[in-house]
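Below, each chain spelled out in residue letters.
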Amino acid sequence: MPFLIAVLGCWLVSVGCLWGQTHQADKTDSLYQVFLKDYKNPDKIKKWLQLVSLERDPAVFFHTDLLLQRVITLCEHKQDYAFFLPEAVRSLGFFYINKHKYAQAFLYFKQAETIYKRNKDYNNLFYTWYYLAATFHSTKDTKNALHYARLAESYIPLIQQEKYTIDIINLANMQALEARQDKRYEDAITHFERGLRIAKEKNIENWIGLLHGNMGTVFLLQKQYEKALQAFEIDIRLSLKHQLYASALNAQSAKMDILLQRAQMHEAKMLRDSMQTLMQTKVKDTNSYLPAYQAFAKYHALQREYAQAFDYQQKITEMERGKAEHLRRQEVSKLQAQFEYEKQDRIIQEQNVEIENKILYYYLWASLSISLLVLLLVFVIFLLKMRFQQRIISRKNIQLKEVVEVQDKMFSIIGHDLRNPIGNLKAMLNLYNASVLTQEEFVSASQKLQQQVNTLYDTMNDLLMWASAQIQEQKNKPEEVYLVEPIDETISFYENIAQQKNIEVERTISSPAKFFVDKNQFKVILRNLLSNALKFTPTGGKIRFYTSEPMNTIQTLTIEDTGTGMTEEEVGKLFNLTTHFSRTGTHNEKGTGLGLLLVKEYVEANRGNLSVTSEKNKGTKFMITLPTEAG
């Protein structure tokens, strides 16, 4: 019967172990599915990696390292997850540090460091070095702690310092403690003061107290007792305020040591009573009692109370023995980590040699394949180059054809619209010089001639600006332009013409209305549209400038007149170069039709749109829609 019970018990244990392993595998897979599901939420994944590395996820399991390895493999081979690779690698490093496997942790931190360097991710590079420095500091590896602390410090100007304020302060504190350990007291004070300066700027009182306390220990070693007392007083006050009782007790112990050295026994007794109360009511961690016990033992010895001094000395001996054992284990762990690191490094070097041999083998085969591919590629490039050159020649021919068409149109306009006014001017001057015309006849004819000269000037101006825009690649320089000033300037420019025709020009635009446009091009647009409106508005008519309500980042300016208007067919010809559409104004003013072409091109060059609505004998509206902000 006992044998059967034993067999049954072993079977139950094995089944339990198998169930546990299966259960843990299920948990691992479920957490992996969380990563796959939430990878598009970077903040959530970073939090998940942190919880997993610290084993603080609600579904705690025994194979954290295997899960993180699985995530790292996915990030290395899937582009969608590549963003998380350095985070996953560093998380595995955190996991191994928490398990005191420093060699494995160091390898993964170095891998993360390489990726952050390649990506120029200075924030995470700083944090990786900072954490390496903190790890080596905690394991008493001064050389490596200082090395990574200096690297982290050198990157402080490149990072978002607000995000890492506490880490920067702690970095200065670590460097100071390492300097104190090496008896470089002035360097220690310099680092403490650097941390204090930042802590005071941000008013982080708990760190102000801690740094003063640590600085006080340096002053104590230098026998600068007044400075040490001042520093310890600040530490005690701020530590008690923020309920950091262990820190306050440590500072009180150091202060009591100074009082005993000065033989201030009454003050020392009062401080001892305060410390005992604190230890009984607030400080629960007995590991922090050692400095206090040392101060109490010294106090009772000076008071010749040897029994009490002996009791405290026994407690000190027990605590120091435990501390020595902890340091011994820590040193063994450090040596083991160093051995593991060297072992891992040796394996990596062997793997690198093997990889190099494989690369050489593949290189020989690849060289032959590449040579054949190069020959094929040269042939393909030759064919593509020939086709590309043919396309360039075809494009150049099209551009040349367009230039010839522009030149033909210019000469056509010059022959049609410029020859007659110039011919009339020449004939009149000849008649006047030949005394065929009297003074009165010349004055009478000059009024009509003045109108032709004005038309000639406008035609020449439109022609030159349009041709320049067509042949040259003009670059606009957009800026914020408030509409009131350039519109008023344009209205003022054409004021005489408006008065001659008794046309009312009205602006109903508020001061804040604006465009983001090239200012000079916008003035050309306004002058052409107002000149056009004046030309086709009869005597006693009205022209109005007004804007609509802005929509998001665009604004519409409307120039409306009560002129002769156009048919739908005439509107369709306005912006077509081949039609060369122009009409005579209400006072026989002539034009080329190029002004509106120039307006359209300038509006579109400034990311805008020009539209026209018109009705015969009822007037015309030109609507300009342009952005109000930089795009």
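Here the structure is a predicted model, which means the values were calculated and not measured.

Another aspect to go through is the overall build of the protein. Counting its regular elements, the protein contains 21 helices and seven strands. Counting contacts in the protein only where the partners sit at least 6 residues apart, residues at least 24 apart contribute 65% of the total.

Pairing between the strands of a sheet is mediated by backbone hydrogen bonds and can be parallel or antiparallel. Across the sheet, five strands lie side by side as β2-β4-β5-β7-β6; this open sheet has mixed pairing. Edge positions in the sheet fall to β2 (504-508) and β6 (609-615), since each of these pairs with one other strand and no more. Within the sheet, the average angular offset between the axes of one strand and its neighbour, ignoring direction, is 15°. Pairing of β6 with strand β7 (residues 619-627) involves seven bridges; the strand directions are antiparallel. Paired with Val-612 across the two strands is Phe-622, which belongs to β7. Packing against the sheet, helix α17 (residues 484-493) makes contact with β2, β4 (542-547) and β5 (554-561), and its axis sits at approximately 175° to β2. In the packing of helix α19 (residues 519-536) onto the sheet, the strands contacted are β2, β4, β5 and β7, and the crossing angle to β4 comes to about 145°.

What follows covers the packing of aromatic side chains. All chains considered together, the criterion is met by 18 aromatic pairs. One aromatic cluster is present, built from ring pairs that chain together Phe-109, Phe-126, Tyr-127, Tyr-130, Tyr-131 and Tyr-164.

Bringing a positive patch on the surface into the picture now. Taken together, the side chains of Arg-387, Arg-391, Arg-395 and Lys-396 define a basic patch exposed on the protein surface. Tracing the backbone shows Arg-395 in helix α15 (residues 306-433).

Here the idea is simple: oppositely charged side chains can pair when their charged atoms come close. Summed over the entire model, instances satisfying the criterion amount to 21 salt bridges. Arg-262 serves as the salt-bridge partner of Glu-226, at 2.6 Å between the closest nitrogen and oxygen. Of this pair, Glu-226 sits in helix α11 (residues 225-241) while Arg-262 is found in the loop between α12 (245-261) and α13 (265-281), placing the two residues 36 residues apart along the sequence. Between Glu-506 and Lys-542 there is a salt bridge whose closest N-O contact spans 3.7 Å. Highlighted residues: Glu-506 in strand β2 and Lys-542 in strand β4, separated in sequence by 36 residues. Judged by its relative accessible area of 22%, Glu-506 falls in the partly exposed class.

Attention now goes to unusual backbone geometry. Notably, Ala-263 is not glycine yet its phi reads approximately 65°, a positive angle. Note that Ala-263 resides in the loop between α12 and α13. Its identity is not glycine, yet Arg-304 carries a phi of approximately 65°, on the positive side. Tracing the backbone shows Arg-304 in the loop between α14 (290-302) and α15.

On to the pairing of β7. Counting buried positions along β7 yields seven of nine residues, so the element is predominantly enclosed. Where β5 lies against β7, eight bridges are found, and the strand directions are antiparallel. Looking across to β7, one finds that Leu-557 is bridged to Ile-624. Hairpin connection, β6 to β7: the antiparallel pair is bridged by three residues, and Asn-617 has positive phi, about 65°.

This paragraph deals with the packing of helix α8 (residues 165-181) against helix α10 (residues 205-221). Across the interface, α8 lies against α10 with an axial gap of 11 Å and an inter-helix angle of 10°. Overall, the two elements α8 and α10 adopt an arrangement that is roughly parallel. Judged by the sense of rotation from one axis to the other, the crossing of α8 with α10 is left-handed. Along the contact surface, α8 presents Ile-166, Ile-169, Asn-170, Asn-173, Leu-177 and Arg-180, while α10 presents Trp-207, Leu-211, Asn-214, Thr-217, Val-218 and Leu-221. Classifying every residue of the contact of α8 with α10 gives seven nonpolar, four polar and one charged.

A separate point is the nonpolar core. Membership of the largest hydrophobic core comes to 40 residues, with the highest contact counts inside it found for Ile-72, Leu-92, Phe-126, Leu-132, Tyr-148 and Leu-171. Sequence-distant contacts of Ile-72, that is, excluding residues within four places in its chain, are made with Leu-85, Ala-88, Val-89, Leu-92 and Tyr-108. Listed in part, the 36 residues of the second largest apolar core include Ile-503, Phe-515, Leu-574 and Tyr-602.

Rules behind the numbers
Residues numbered from 1 in each chain as written. Predicted model: local features only at pLDDT ≥ 70, side-chain atom pairs only at ≥ 80, totals over all residues. Heavy atoms only, no water. Helix = DSSP H or I, 4+ residues; strand = E, 2+ residues; numbered from the N terminus. Contact = heavy atoms within 4.5 Å. Pairing = 2+ DSSP bridges. Axes fitted to C-alpha atoms, helices over the stretch in contact; angles between N-to-C directions. Phe/Tyr/Trp six-rings, centres within 6.5 Å; stacked < 30°, edge-to-face > 60°. Patch = residues over 30% accessible without salt bridge, like charges linked within 9 Å, V, L, I, M, F, W, Y side chains within 5 Å. Areas by Shrake-Rupley, 256 points an atom, 1.4 Å probe, with all protein chains shown as cover. Salt bridge = Lys/Arg side-chain N within 4 Å of Asp/Glu carboxyl O. Lys, Arg positive; Asp, Glu negative; His and termini not counted. Charge placed at Lys NZ, Arg CZ, Asp CG, Glu CD. Buried < 20%, exposed > 50% of the residue type's maximum accessible area, 1.4 Å probe, protein only. Parallel < 35°, antiparallel > 145°, perpendicular 65-115°, else oblique. Left-handed = near helix turned anticlockwise from the far one by under 90°. Nonpolar A, V, L, I, M, F, W, Y, C, P; charged D, E, K, R; others polar. Core = buried A, V, L, I, M, F, W, Y, C linked by side-chain atoms within 4.5 Å.

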